[in-house]
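Chain by chain, the residues:
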Amino acid sequence: MLRELKTFIAVTRYGTFAAAGMHIGLTQSAVSAQMRNLEQALGIRLFDRTGRQAILNAAGQRALPMAREILETFQRMAVSDDVSEFRGELRVGAVATAQTGLLPQALLRLRQQAPLLEPKLVPGVSLNLLSQVDAGELDLAILIKPPFELPKELSAQVIRQEPFVLIVPPDLEGEDPLQVLSTHPHVRYDRNSFGGRLVTRFLREQQIEVKVALELDELEAIVKMVECGLGVALIPQAGLWLDYGAKVRVIGLGELTFYREIVLLQRYSQRTQPIQQLFAQCLV
């Protein structure tokens, strides 16, 4: 029944039998057959089928967390307490700055202590990575702390705080960050991203209306836009631009400094597993 439980979780994740099958490598008819087998074995209906959609009914909503718990319990049976003997894949999600900042040395330390482990790095933005951990598609993820309360099934451990600074073209005059923001075009950190929402809150608190020259989510690209004179930007002190000597001038925010927090996200039930604990230690 483990196969059916995995498929059941996939259907709840993707909304239709066809979409679930596409992601897990089954035909729609195979997914449908597995769901019939699961419902017959349990003696209950799990879905209200409306057109092409498969919507969880009350019984399905009750069964979903238990299905995840069963699969997690099964996976733990194969894990040795001796991490040096751990075999298998560890699926790690990470935002771009973590891939080039925290992760290289952490993965080296991880390989030294668990040489048989096969890490798989999955890039992504914070919101998507959060959803993938919640759905069981990732074991762990390094992302920006969400600006909302997490589901009780998830655990977030703060591993780094990164201060925001104002970056400007090297020939731009002025030292007052609020005045510079008010009088020059702004290359804006995407308002939909977790980090961008922090910038939005800061501008609102300081009652600053900025003239947006461009809006994007990639920090290295924002730095390049400022380098070429497109505008100024509020970004965290993180990323490769700090290493390669970007042609920008950095203005600190002083007492107004705010931070984005980088967290290690995992399912609450898995946080005490030896390999998860080892990975967390390797990040510090």
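Residues numbered from 1 in each chain as written. Predicted model: local features only at pLDDT ≥ 70, side-chain atom pairs only at ≥ 80, totals over all residues. Heavy atoms only, no water.

Looking up the protein in an unreviewed UniProt entry gives the name LysR family transcriptional regulator, with the organism given as Pseudomonas frederiksbergensis.

Let's talk about the overall build of the protein
Within the protein, the secondary structure is distributed over 11 helices and 11 strands. With the C-alpha coordinates of the protein rotated into their principal frame, the extents come out at 70 × 50 × 30 Å. Counting all 284 residues of the protein, 44% fall into the buried class. Contacts in the protein between residues far apart in sequence, at least 24 positions, make up 74% of those at least 6 positions apart. Counting every atom, the protein has about 14,900 Å² of accessible surface; 50% of that belongs to carbon and sulfur. Taking the average place of the 30 positive charges on the side chains of the protein and the average place of its 31 negative ones, the gap between the two points comes to 7 Å. (Helix = DSSP H or I, 4+ residues; strand = E, 2+ residues; numbered from the N terminus. Buried < 20%, exposed > 50% of the residue type's maximum accessible area, 1.4 Å probe, protein only. Contact = heavy atoms within 4.5 Å. Areas by Shrake-Rupley, 256 points an atom, 1.4 Å probe, with all protein chains shown as cover. Lys, Arg positive; Asp, Glu negative; His and termini not counted. Charge placed at Lys NZ, Arg CZ, Asp CG, Glu CD.)

Focus: the nonpolar core
Of all hydrophobic cores here, the largest spans 65 residues; its most connected members are Ile142, Leu166, Ile167 and Phe279. Residue-level mapping places this core at the junction of two domains, with at least three residues from each of domain 2 (83-160 + 262-283) and domain 3 (162-259). (Core = buried A, V, L, I, M, F, W, Y, C linked by side-chain atoms within 4.5 Å. Domains from an automatic or database assignment.)

Focus on the environment of Glu173
Within the secondary structure layout, Glu173 lies in the loop between strand E6 (154-168) and helix H8 (177-183). A C-alpha to C-alpha distance of 9.8 Å links Glu173 and Arg249, two positions 76 residues apart in sequence. Contacts of Glu173, omitting those with residues within four sequence positions, involve Val180 and Arg249.

A closer look at the environment of Arg13
One can find Arg13 in helix H1 (residues 2-14). Relative accessible area serves as the criterion here: at 33%, Arg13 is assigned to the partly exposed category. For the pair formed by Arg13 and Pro169, sequence separation is 156 residues and the distance between their alpha carbons is 45 Å.

A closer look at the packing of helix H2 (residues 17-24) against helix H3 (residues 28-42)
Remark: H2 packs on H3, axes separated minimally by 8 Å, with the N-to-C direction vectors making an angle of 105°. Relative to H3, the element H2 lies roughly perpendicular. Contacts from Phe17, Ala18 and Gly21 in H2 reach Gln28, Val31, Ser32 and Met35 in H3. The residue makeup of the contact of H2 with H3, split by class, is four nonpolar, three polar and no charged. (Axes fitted to C-alpha atoms, helices over the stretch in contact; angles between N-to-C directions. Parallel < 35°, antiparallel > 145°, perpendicular 65-115°, else oblique. Nonpolar A, V, L, I, M, F, W, Y, C, P; charged D, E, K, R; others polar.)

A word on the pattern of salt bridges
Throughout the structure, instances matching the rule amount to 10 salt bridges. Arg160 is paired through a salt bridge with Glu162; the nearest N and O atoms lie 4.0 Å apart. Residue classification places Arg160 among the partly exposed residues on the basis of a relative accessible area of 35%. Salt-bridge contacts for Arg260 lead to Glu162; the nearest nitrogen and oxygen are separated by 2.6 Å. Of this pair, Arg260 sits in strand E11 (residues 259-267) while Glu162 sits in strand E6, placing them 98 residues apart in sequence. Like Arg260, the residue Glu162 is buried in the burial classification. It is possible to trace a salt-bridge network through shared partners that takes in Arg160, Glu162 and Arg260. (Salt bridge = Lys/Arg side-chain N within 4 Å of Asp/Glu carboxyl O.)

Points about the packing of aromatic side chains
Tallying each qualifying case throughout the model produces six aromatic pairs. A centroid spacing of 5.7 Å and a plane angle of 70° characterise the contact between Phe8 and Phe47, whose relative ring orientation is edge-to-face. Highlighted residues: Phe8 in helix H1 and Phe47 in strand E1 (residues 47-50), separated in sequence by 39 residues. In this pair, the class of Phe8 matches that of Phe47, namely buried. Their ring planes at 80° and their centres at 5.9 Å tell us that Phe17 and Phe47 sit as a pair that is edge-to-face. With a gap of 30 residues between them, Phe17 in helix H2 and Phe47 in strand E1 connect regions that are remote in the sequence. A relative accessible area of 9% means that Phe17 is categorised as buried. Overall, the relative accessible area of 1% leaves Phe47 in the buried class. (Phe/Tyr/Trp six-rings, centres within 6.5 Å; stacked < 30°, edge-to-face > 60°.)

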